[in-house]
Amino acid sequence: MRQPFVTAQYTLPAPVSGEVRLALVSDLHEHDPAPVIRRLAALKPDVIAVAGDTFERHDQGTDPRWHGRKEPPRLLAPLKRTVNRLTYAVMGSGEKTCPAYSYAFLHAAAKIAPVYVSLGNHEWYLSKADRAQLQSAGAVLLDNADCTAEIRGCRLRLGGLSSAADPTWLERFRQKPGCKILLCHQPEFYDRFSLQGFDLILSGHVHGGQWRWKNHGIFAPDQGFLPRYHHGVYHGHMVVSAGCSNTSLLPRFGNPCEVVLVRLVPQFSTRGR
């Protein structure tokens, strides 16, 4: 059954000289991009930020969620591994996927607006073909890297913190001047890496909690039940998308797939008023 699809829209202040319309796409997971492209074409954003898990590129023989992480205490390790296996068994693909879908998405999106891509926990490696398609589409890959862009007369700094995170790069990016936009697939990184100092953070990963009850997600990878970060705006500057596909054998409940539109508007000082 095809999942419903919506557009979530937020307006946030930022150090920009005029309004900038930014679309957030996350968690496509090599699913049919047609609904996403239709939404993007209708929204006509100035820039498209792709915050992870466009591709399925993780080693099937290992659990990518433990990549580069500190092992839990020995007594808890078996329990945590069991929970992870159950999570991935349930969160396996419940819809048809195809690597060509990701390529089609990149090429179609780049015809709408400049595209900037960061990497999620399903993208521990990219093939030469993937990188060639990114380059061919004109998309900019931000793998623990940043760049500047002129968007509607505004100079923006865009950076991508990959799930295989580089804290050293992150700190260098944090110290740079200007309007800084961080693509960070996993929203729990906000607490892990103290992600203050950025004007906008764009995340996904949690799929809205899969089931939503009274506007709260039920479960999220890496956060467990009743996750703190699941959907919407947090701390006034972190936007978490519910994602663009259903990758679970369980259908979404009260939680449609979505594209997010963020309107960045100039900050106005109220001092002396």
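A brief look at the structure comes next. (Residues numbered from 1 in each chain as written. Predicted model: local features only at pLDDT ≥ 70, side-chain atom pairs only at ≥ 80, totals over all residues. Heavy atoms only, no water.)

## Considering the overall build of the protein
Item 1. Secondary structure summary: the protein contains 6 helices and 16 strands in total.
Item 2. Here the protein, with 273 residues, has 52% of them falling under the buried criterion.
Item 3. Sequence separation of 24 or more characterises 67% of the internal contacts of the protein that already satisfy a separation of 6 or more.
Item 4. When the accessible surface of the protein is split by element, carbon and sulfur atoms take 56% of a total near 12800 Å². (Helix = DSSP H or I, 4+ residues; strand = E, 2+ residues; numbered from the N terminus. Buried < 20%, exposed > 50% of the residue type's maximum accessible area, 1.4 Å probe, protein only. Contact = heavy atoms within 4.5 Å. Areas by Shrake-Rupley, 256 points an atom, 1.4 Å probe, with all protein chains shown as cover.)

## Looking at the pairing of strand β4 (residues 115-118)
Item 1. Going residue by residue along β4, you find Val115 and Val117 tucked away on one face and Tyr116 and Ser118 tucked away on the opposite face as well.
Item 2. Where strand β3 (residues 47-51) meets β4, 4 bridges bridge the pair, whose relative direction is parallel. Counted as the bridge partner of alanine 49 is tyrosine 116 from β4.
Item 3. Sheet analysis places β4 next to strand β5 (residues 140-141), joined by 2 bridges and oriented parallel. Of the residues in β5, the one forming a bridge with valine 117 is leucine 141.
Item 4. Taken together, β4, helix α4 (residues 128-137) and β5 constitute a β-α-β crossover, and its handedness is right-handed. (Pairing = 2+ DSSP bridges. Right-handed = clockwise from strand over helix to strand, strands pointing away.)

## As for the packing of helix α3 (residues 99-110) against α4
Item 1. Following both chains from N to C, one finds α3 and α4 inclined at 15°, their axes separated by 9 Å at the closest point. Our classification of the angle between α3 and α4 gives roughly parallel. Here α3 and α4 pass one another in a crossing that is right-handed. Contacts between α3 and α4 involve Tyr103, Leu106, His107 and Ala110 on the former and, on the latter, Ala129, Asp130, Gln133, Leu134, Ser136 and Ala137.
Item 2. Of the residues contributing to the contact of α3 with α4, the split by class is 6 nonpolar, 3 polar and 1 charged. (Axes fitted to C-alpha atoms, helices over the stretch in contact; angles between N-to-C directions. Parallel < 35°, antiparallel > 145°, perpendicular 65-115°, else oblique. Left-handed = near helix turned anticlockwise from the far one by under 90°. Nonpolar A, V, L, I, M, F, W, Y, C, P; charged D, E, K, R; others polar.)

## Quick word on the pattern of salt bridges
Item 1. Overall, the coordinates contain 8 salt bridges when judged by the stated rule.
Item 2. Across the salt bridge formed by arginine 57 and aspartate 130, the nearest N and O atoms sit 2.6 Å from each other. Taken together, the residues arginine 57 in the loop between β3 and α2 (77-90) and aspartate 130 in helix α4 connect sequence positions 73 residues apart.
Item 3. A salt bridge links arginine 228 to aspartate 191, with the nearest nitrogen and oxygen atoms 3.2 Å apart. Of this pair, arginine 228 sits in the loop between β13 (224-225) and β14 (232-234) while aspartate 191 is found in helix α6 (residues 189-192), placing the two residues 37 residues apart along the sequence.
Item 4. One salt-bridge network, in which partners are shared between bridges, spans Glu30, Arg57 and Asp130. (Salt bridge = Lys/Arg side-chain N within 4 Å of Asp/Glu carboxyl O.)

## Some words on the side chain of aspartate 27
Item 1. The residue aspartate 27 is located in the loop between β2 (20-25) and α1 (34-43) in this model.
Item 2. This buried residue, aspartate 27, is left without a salt bridge; arginine 252 holds the nearest opposite charge, at 6.9 Å.
Item 3. Separated by 2.9 Å, the side chain of aspartate 27 and the backbone nitrogen of histidine 205 make a polar contact.
Item 4. Polar contacts involving the side chain of aspartate 27 include one to the side chain of histidine 207, which spans 3.2 Å. (Lys, Arg positive; Asp, Glu negative; His and termini not counted. Polar contact = N/O pair within 3.5 Å; in protein donor to acceptor, adjacent residues only side chain to side chain.)

## Remarks on the sheet that holds strand β15 (residues 238-240)
Item 1. Spatial strand order, β6-β7-β8-β9-β15-β14: 6 strands in an open sheet with mixed pairing. The open sheet has two edge strands with one neighbour each: β6 (145-151) and β14. Taken pair by pair, the neighbouring strands of this sheet meet at an average axis angle of 25°, ignoring direction.

## Notes on the packing of aromatic side chains
Item 1. Taken as a whole and judged by the stated rule, the model has 8 aromatic pairs.
Item 2. Aromatic side chains tryptophan 169 and phenylalanine 173 sit 5.3 Å apart centroid to centroid with 10° between the ring planes, which places their arrangement in the stacked category. Taken as a pair, tryptophan 169 and phenylalanine 173 lie in helix α5 (residues 167-174) at a separation of 4 residues, close to a single helical turn.
Item 3. Taking the relative accessible area as the measure of exposure, tryptophan 169 reaches 3% and is therefore buried.
Item 4. The class for phenylalanine 173 is buried, based on a relative accessible area of 0%.
Item 5. Members of the aromatic cluster, connected to one another through ring pairs, are Trp169, Phe173 and Phe198. (Phe/Tyr/Trp six-rings, centres within 6.5 Å; stacked < 30°, edge-to-face > 60°.)

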